[in-house]
Amino acid sequence: QVRLVESGGGLVQAGGSLKLSCAASGRIFSINAMGWYRQASGKQRELVADITSGGTTNYADSVKGRFTISRDNAKNMVYLEMNNLKPEDTAVYYCNFLLLARLGSWGQGTQVTVSS
């Protein structure tokens, strides 16, 4: 029913930048809160940023001042701009509806690797 496709990951040097994109399906996209999550090898998945239908944003302390989440409701897209990347940001990044994430449903994700 719901399709989420992440893209934009890759290998980057510490201090560099990347912009992740998420294409979401459905007419209800514009009225639902969205989030970006990440899961590093051997660790729990964590929410790093979210944005409400009205555009209000929240960030994990570890990424405040470095990451920016945004959405384009007309295009059913969510973005994550990542600046001043650190090796500890290395993880698989996922986008999801906040409510859907609680049900444990996930897409493929996109790998971000930051080298020292």
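Just so we're clear, the structure is a prediction, and the values are computed from it rather than from any experiment. (Residues numbered from 1 in each chain as written. Predicted model: local features only at pLDDT ≥ 70, side-chain atom pairs only at ≥ 80, totals over all residues. Heavy atoms only, no water.)

Participant: Just give me the short version of the pattern of salt bridges, but keep the residues and values in it.
Facilitator: As enumerated under the stated definition, the model contains four salt bridges in all. Between Arg38 and Glu46 there is a salt bridge whose closest N-O contact spans 2.9 Å. Assessed through its relative accessible area of 6%, Arg38 is described here as buried. Where Asp89 meets Arg66, a salt bridge forms, and the shortest distance between an N and an O atom there is 2.7 Å. In this pair, Asp89 sits in the loop between strand 8 (77–82) and strand 9 (91–97) while Arg66 sits in the loop between strand 6 (57–59) and strand 7 (67–72), placing the two residues 23 residues apart along the sequence. When sorted by exposure, Asp89 lands in the same class as Arg66, which is buried. A single salt-bridge network, built from bridges that share partners, covers Arg38, Glu46, Arg66 and Asp89. (Salt bridge = Lys/Arg side-chain N within 4 Å of Asp/Glu carboxyl O. Buried < 20%, exposed > 50% of the residue type's maximum accessible area, 1.4 Å probe, protein only. Helix = DSSP H or I, 4+ residues; strand = E, 2+ residues; numbered from the N terminus.)

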